[in-house]
Amino acid sequence: MIEKASGADVQSRWAPAPDQLPDDLTELIGPTRGTVALPLHLAWSGLRSFDLGDEKLLLGMYRIVLLNGTSEDYTRYLNAAQLIAHWPILRKMLGRGVRTAWEDRFAQLRPAAAA
């Protein structure tokens, strides 16, 4: 007999593990300007260097880090103010598992209607 887990207990395999997320957004102290070169474990295919002054490149880098990063990557490459400011766009670029994990942990990232 196979037992089913309740929906609340099931975590998406595409979502970060809860212990990988920072405890507080203030831990995200990444750069806010300049050019950032991501390591191969994050950006293994294509563009690895991102000019944070270019919004499209910034969004692309944040998407890569949010999708592929670890807790160390989050704190090194993401900046709390930038994440909050760009979240309305970023959330549309992420899969449901990643988006939900971050929004469940941080009220600041939840859409205004759901907050």
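What you see is a predicted model; the values in this text were computed from it and never measured.

Q: Sorry if this is basic, but what is going on with the nonpolar core here?
A: The nonpolar side chains of soluble globular proteins are, as a tendency, buried together. Counting 30 residues, the largest nonpolar core has L38, M61, L66, L83 and W102 as the members making the most contacts within it. Put simply, the parts of the chain that give this core at least two residues each are α1 (55–68), α2 (71–77), α3 (80–93) and α4 (96–105). The dominant element in this core, judged by the number of residues it contributes, is α1, at 7 residues. Among residues more than four places away in sequence, those in contact with W102 are P16, L21, P22, L25, L28, L66, Y74, L78, L83, W87 and L109.

Q: Looking at this model, I keep getting lost on the side chain of D73. Mind explaining?
A: Following the sequence through the fold, D73 ends up in helix α2. Although D73 is buried, it makes no salt bridge; R76 carries the closest opposite charge, 6.5 Å away. Setting aside chain neighbours within four positions, we find D73 in contact with H41, L42, V65 and L78.

Q: Explanation requested: the environment of R110 in the structure shown.
A: One can find R110 in the segment after α4. Sequence separation between R110 and R91 is 19 residues; the distance between their C-alpha atoms is 9.5 Å. With sequence-adjacent residues up to four places away left out, R110 is seen in contact with E103 and D104. At 2.8 Å, the side chain of R110 forms a polar contact with the backbone oxygen of E103. Among the polar contacts listed, one links the side chain of R110 to the backbone oxygen of D104, at a separation of 3.0 Å.

Q: Can you help me understand the packing of aromatic side chains in this one?
A: Each aromatic ring pair is characterised by the separation of its centres together with the angle its planes make. For the structure shown, the criterion picks out 2 aromatic pairs. Judged by centre distance (5.0 Å) and plane angle (80°), the rings of Y74 and W102 are edge-to-face. One end of the pair, Y74, is in helix α2; the other, W102, is in helix α4, and 28 residues separate them in sequence. Between W102 and F106, the aromatic rings sit 5.6 Å apart at their centres with planes inclined by 40°, giving tilted as the arrangement. Of the aromatic side chains, those joined through ring pairs into one cluster are Y74, W102 and F106.

Q: Sorry, what's going on with the confidence of the model for the protein here?
A: Note that predicted coordinates carrying low pLDDT should not be read in detail. A residue-level look at the protein finds 85% of positions with pLDDT of 70 or above and a mean pLDDT of 87. The least confident element of the protein, judged by mean pLDDT, is α4 at 94; the most confident is strand β1 (residues 35–37) at 98. Of the regions scoring below 50 in pLDDT, residues 1–10 engages in 1 contact with residues more than four places distant in sequence or in other chains.

Cut-off values and rules
Residues numbered from 1 in each chain as written. Predicted model: local features only at pLDDT ≥ 70, side-chain atom pairs only at ≥ 80, totals over all residues. Heavy atoms only, no water. Core = buried A, V, L, I, M, F, W, Y, C linked by side-chain atoms within 4.5 Å. Buried < 20%, exposed > 50% of the residue type's maximum accessible area, 1.4 Å probe, protein only. Helix = DSSP H or I, 4+ residues; strand = E, 2+ residues; numbered from the N terminus. Contact = heavy atoms within 4.5 Å. Lys, Arg positive; Asp, Glu negative; His and termini not counted. Salt bridge = Lys/Arg side-chain N within 4 Å of Asp/Glu carboxyl O. Polar contact = N/O pair within 3.5 Å; in protein donor to acceptor, adjacent residues only side chain to side chain. Phe/Tyr/Trp six-rings, centres within 6.5 Å; stacked < 30°, edge-to-face > 60°. pLDDT = per-residue confidence, 0-100.

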